[in-house]
Amino acid sequence: MTDKTVRLTTAQALVRFLANQYSERDGQEQRLIPGVWGIFGHGNVAGIGQALLQAAVTEEADLPYYLARNEQGMVHASVAYAKMRDRLATFACTASTGPGSTNMITGAALATTNRIPVLLLPSDMFATRVAEPVLQQLEDTRGGDVTVNDTFRAVSKYFDRVSRPEQLIPAALAAMRVLTDPVETGAVTLALPQDVQAEGYDWPVSFFRRRVWHVGRPVPEPAAVDRAALLLRNAKKPLIVAGGGTVYSGAETQLRAFAEATGIPVADTHAGKGAVPWDHPCAVGGIGSTGSYAANELAREADVVLGIGTRYSDFTTASHTVFGNPDVTFVNLNVARLDAVKHSAEPLVADARLGIQALAEALDGWEAEPGYRDHIRRLIARTREIEEECFAPGRNTGDLPAQTQILGALNETLGDRDVVINAAGSMPGDLQQLWRARDPKAYHVEYAYSCMGYEVAAGVGAKMADASREVVVLVGDGSYLMMAQEIATMVSEGLKVIVVLVQNHGFASIGSLSESLGSQRFGTTYRYRDDDSGLLDGDILPVDLAANAASLGADVLRATSVDEFRTAIEKAKAADRTTVVHVETDLYGPNPPGHGWWDVPVSEVSALDSTRAAYEAYAAHKLAQHHYL
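All chains use their own residue numbering, which begins from 1 and follows the written sequence. Local features in this predicted model are restricted to residues whose pLDDT is 70 or higher, and side-chain atom pairs enter the listing and the counts only when it is 80 or higher, whereas totals over whole chains, interfaces and linings include all residues. Only hydrogens and water are set aside; all other atoms, that is, all heavy atoms of the structure, feed into the side-chain values.

## Considering the overall build of the protein
At step 1: Secondary structure counts use DSSP, requiring at least four H or I residues in a row for a helix and at least two E residues in a row for a strand, with both numbered from the N terminus. Looking only at helices and strands, one finds 24 helices and 23 strands in the protein.
At step 2: Here the radius of gyration uses the C-alpha set of atoms, whereas the globule reference equals 2.2 Å times the residue count to the power 0.38. For 629 residues, the compact-globule estimate of 2.2 N^0.38 gives 25 Å, and the C-alpha radius of gyration of the protein, at 25 Å, lies within 12% of that figure.
At step 3: With the principal axes as the frame, the protein shows a C-alpha extent of 75 × 70 × 55 Å.
At step 4: Burial status follows relative accessibility: with a 1.4 Å probe on protein chains alone, a residue under 20% of its type maximum counts as buried, one over 50% as exposed, and anything between as partly exposed. Burial status across the protein gives 58% buried among its 629 residues.
At step 5: Throughout, a residue-residue contact means that at least one pair of heavy atoms, one from each residue, lies within 4.5 Å. Restricting to contacts in the protein with at least 6 residues of sequence separation, those with at least 24 account for 76%.
At step 6: Every accessible area reported is derived by Shrake-Rupley at a probe size of 1.4 Å, with residue values counting cover from the shown protein chains alone. When the accessible surface of the protein is split by element, carbon and sulfur atoms take 52% of a total near 24700 Å².
At step 7: Once the 55 positive and 76 negative side-chain charges of the protein are each reduced to a mean point, those two points are 5 Å apart. The charge count includes Lys and Arg as positive and Asp and Glu as negative, but it does not include His or the ends of the chains. One atom stands in for each charge, and that atom is NZ of Lys, CZ of Arg, CG of Asp or CD of Glu.

What follows is the structure in structure tokens.
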């Protein structure tokens, strides 16, 4: 039987298709693509732009349009939305040809690195090539079909160029497959030549039927469960490392019950923080380069490490130094075999929730030794002392408060469900040690790509994903200057977000790292160029970021002390619109004490005494680094 057809442009067909895509897990359905972010230009205004307008006017497709201020920012907002929705829903992002589209590449890399779904629709050059070279076209001598959009291939989990209308059918279906695959998900890119967007075609009506993409839970293999359980039963000092897969699977309840029954302590990565509440008896805090005292001490002693939903980044392993037991063995529970086999582990390829349940059954009646539990309690107690020392009044070295004191005040004033967003600079390290998360969605730190500029845009996406939560963006002046314009988007969409803008007139994190590597904080402060030295070490620049935030439409509160900051946060919580709280902190910290190491190579040959001394320390740290074989 011949399928009925309807004549639409390629763009109109794509809009109608996207409006009918749903995801389902555990019997709960939701829109897979609830809307489209975009900025229009000549490459998409008459294609996707016209299609979205027509859909809104005729109500033939429910696909709302949201206007961003920066193409990278709209990808970040989409990623934050998908992260809050456990990767079961995300946005599409449309951009014009040339720079509009290539602006999305950093966002695509962030999405793929974090394994978060986002659908990118960059406009492309004319498929007919009749008018080339057109405005913003790259002329490549290697081939006529090469465009700037080919750069998306390296950072996308799926890439396709729709050069004919009928190619959209297999491309769109493949895109949905990847977006809803927990193993393969990431940025999905469909490059759309601007002439093809506007070209008409007779589409089969069945292409637009309601489709539900079922996100399953892979079941653990019984033999693999037995092998993993045997290793854990024989462990004397086991440790769990909970990663983002624990949260995306919704396995928090199962993990807590498993930890309580067995007595195995739970350390967490940035993506896994909150899976077990910070004050749970088995919670030992963040692990790795910026990890807590308790977590890293336990990691150094651990004989069996159970990794759940973690990809073991260098910050998690402290660049392969934190797991110090030479005979350490890994058991990795992960939906992706790529991660399950890391560190020569015994792999348990399965959904985190089902895998934990299976291990709990296999270990029924087994518990860690009482002496080990006592040891864990002592380490946790010392960790709490360290945290309180970081929050204590008078810790600052000058007139300005330390960043750690600001985080302490936030810990006191925010509720359990309030979401804290951060991505780059010195704050992720401070947060991993000091943030007291009791909810798996309360800690939203992007630390796979650690992208400066993510924070403000992510605040938009997180608030759209769950309007019932207070969303607090923590952003330093460095990240703010990279991408603050989505504050205007918050205002235009009527989103109430609190932005905590920490001003310290430089790059605190990289400055500290530079000093530790013997590079003397060179090029890391925001200052005038000194006429005598020729370096950027003159007076502080007269930049008023609070005034800038006000110019974007936000209400602004200024705080000059920790007490004023607490008062400002309470006012911001009571407000009904986006509010920026500006506070100046000490560029030189102090930061929390370090319990881990990060491998950043130091110049082996140098004329500077500071660099030579740093290299000696680096070489000593390298001695502890090894492959986990």
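## So, unusual backbone geometry
Working note: non-glycine residues mostly have negative phi, and peptide bonds are mostly trans.
At step 1: Cis geometry is adopted by the peptide bond preceding Pro133, which originates at Glu132 and carries an omega value of 0°.
At step 2: Structurally, Pro133 is set in the loop between β7 (118-124) and β8 (158-161).
At step 3: With phi around 60°, His343 is a residue other than glycine that occupies positive phi space.
At step 4: Structurally, the position occupied by His343 is in the loop between α13 (337-340) and β17 (346-349).
At step 5: According to the relative accessible area criterion, His343 is buried, its value standing at 14%.
At step 6: Residues other than glycine seldom take positive phi values, yet Ser450 does so here, at roughly 40°.
At step 7: Tracing the backbone through its elements, the reader meets Ser450 in the loop between β19 (443-445) and α18 (454-465).

## Quick word on the packing of aromatic side chains
At step 1: Working definition: a ring pair exists when centres of Phe, Tyr or Trp rings (six-membered ring for Trp) sit within 6.5 Å. Plane angles under 30 degrees give stacked, over 60 give edge-to-face, the rest tilted. Inspection of the entire model under this criterion finds 18 aromatic pairs.
At step 2: Seen in terms of ring centroids, Tyr81 and Phe91 are 4.8 Å apart; in terms of plane orientation they differ by 80°. Their pairing is edge-to-face. Of this pair, Tyr81 sits in helix α3 (residues 71-84) while Phe91 sits in the loop between α3 and β6 (92-95), placing them 10 residues apart in sequence. Just as Tyr81 is buried, Phe91 falls in that class too.
At step 3: A ring pair is formed by Tyr312 and Phe330, whose centres lie 5.8 Å apart and whose planes are at 85°; its orientation type is edge-to-face. With Tyr312 in the loop between β15 (304-308) and α12 (314-317) and Phe330 in strand β16 (residues 329-334), the pair connects residues that are 18 residues apart, well separated along the chain.

## A short note on the pattern of salt bridges
At step 1: Salt bridge, as used here, is a side-chain nitrogen of Lys or Arg placed within 4 Å of a carboxyl oxygen of Asp or Glu. Considering all chains together, one arrives at 42 salt bridges under this definition.
At step 2: Where Glu385 meets Arg382, a salt bridge forms, and the shortest distance between an N and an O atom there is 3.0 Å. One end of the pair, Glu385, and the other, Arg382, are both in helix α15 (residues 370-391), three residues apart, so they sit about a helical turn from each other.
At step 3: Residue Arg382 is classed as partly exposed on the basis of its relative accessible area, which comes to 32%.
At step 4: Salt bridges sharing common partners tie together Asp26, Arg217, Asp351 and Arg353.

## Description of the nonpolar core
At step 1: Nine residue types can take part in a nonpolar core, namely buried Ala, Val, Leu, Ile, Met, Phe, Trp, Tyr and Cys, and a core is a set of them joined through side-chain atoms within 4.5 Å. Core analysis: the largest hydrophobic core is formed by 57 residues, its most contacted members being Trp37, Leu120 and Tyr454.
At step 2: If you tally residues by element for this core, the top one is α3, at eight residues.
At step 3: One finds Ala251, Ala267, Val276 and Ile376 within the second-largest nonpolar core, a separate group that totals 56 residues.

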